[in-house]
Number of protein chains: 2
Amino acid sequence: MTKSIFYHAGCPVCISAEHDIVKLIGSDNVEIIHLGDNPESIEKAEKLGVKSVPALITPQGNVLHINFGASLEEVKN
Amino acid sequence: MTKSIFYHAGCPVCISAEHDIVKLIGSDNVEIIHLGDNPESIEKAEKLGVKSVPALITPQGNVLHINFGASLEEVKN
């Protein structure tokens, strides 16, 4: 894994954090995944350790939970 | 403000996040401030909108609260 992955669910907190992260690390360095539009990705996100969105997975596989938008349970509903 | 500022308080969650952030955005692009060692900086952090550490202030002045280490109230005590 060489890119970071940014998981979000389209909430205002998520969108704001997405813009900040893209500015900080560059759009070429991060894959953005909208879990509301791509519910099939929720299982992978959970396996990576994501508990809430927005969250950033680093290239090393660490999970950074940023601010607090919504728990994954809420995204599923 | 052209650099980001990363506030932390030396807790394990903070140190782990610090390493991740430095790898992601580069050590030249972020000023690291340990609020436990520099309690005089707590007031400025609060004015910038920091509620808990670790937190990253972007060059645009947005506050990204990352994971959850400690509230600023806990850092003061």
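The sections below set out a description of the structure shown in this document. None of these values were measured; they are calculated from a predicted model.

Our next topic: the overall build of chain A. When helices and strands are counted, chain A shows three helices and four strands. From first element to last, N terminus to C terminus, chain A shows the α and β order β-α-β-α-β-β-α. Taking 2.2 N^0.38 as the reference for a compact globule, 77 residues should give roughly 11 Å; the C-alpha atoms of chain A span a radius of gyration of 11 Å, in line with that estimate. Dimensions of chain A, computed from the C-alpha atoms along their principal axes, are close to 30 × 25 × 20 Å.

Between chain A and chain B, the contact holds 17 residues from the first and 17 residues from the second. Between chain A and chain B lies a buried interface of about 1300 Å² when both sides are counted; carbon and sulfur atoms form 59% of it. Among the residues of chain A in contact with chain B, Asp-20, Leu-24 and Leu-64 of chain A are the three that bury the most area, contributing 40% of the side total. Counting across the chain A and chain B interface gives zero salt bridges. Of all elements in the fold, only helix H1 (12–25) and strand S4 (63–71) of chain A reach the threshold of two or more residues within the side of chain A that touches chain B. It is H1 of chain A that provides the largest number of residues to the side of chain A that touches chain B, a total of six residues.

Expressed as a screw operation, the relation of chain A to chain B combines 0.0 Å of axial shift with a rotation of 180 degrees, fitting to an RMSD of 0.0 Å. Such a turn and shift between the copies fits a two-fold axis. Every residue of chain A has its C-alpha some distance from the rotation axis, and the shortest such distance is that of Ile-66 of chain A, at 2.3 Å. In this assembly, 100% of the residues forming the interface of chain A have copies in chain B that are likewise at the interface, indicating an isologous arrangement.

Residues and elements named next belong to chain A. Within the structure shown, the criterion is met by six salt bridges over all chains. Here Glu-46 makes a salt bridge to Lys-76, at a shortest N to O gap of 2.8 Å. Linking Glu-46 in helix H2 (residues 42–47) with Lys-76 in helix H3 (residues 72–76), this pair joins segments that are 30 residues apart in sequence. Looking at Glu-46, the relative accessible area reads 33%, which means it is partly exposed. Residue Lys-76 is classed as partly exposed on the basis of its relative accessible area, which comes to 41%. Residues participating in the shared-partner salt-bridge network are Glu-46, Glu-73 and Lys-76.

Cut-offs used in this document
- Residues numbered from 1 in each chain as written.
- Chains lettered and ligands numbered in written order.
- Predicted model: local features only at pLDDT ≥ 70, side-chain atom pairs only at ≥ 80, totals over all residues.
- Heavy atoms only, no water.
- Helix = DSSP H or I, 4+ residues; strand = E, 2+ residues; numbered from the N terminus.
- Rg over C-alpha atoms; globule rule 2.2 N^0.38 Å.
- Contact = heavy atoms within 4.5 Å.
- Buried area = accessible area lost by both parts, 1.4 Å probe.
- Salt bridge = Lys/Arg side-chain N within 4 Å of Asp/Glu carboxyl O.
- Least-squares fit on C-alpha atoms with pLDDT ≥ 70 in both.
- Buried < 20%, exposed > 50% of the residue type's maximum accessible area, 1.4 Å probe, protein only.

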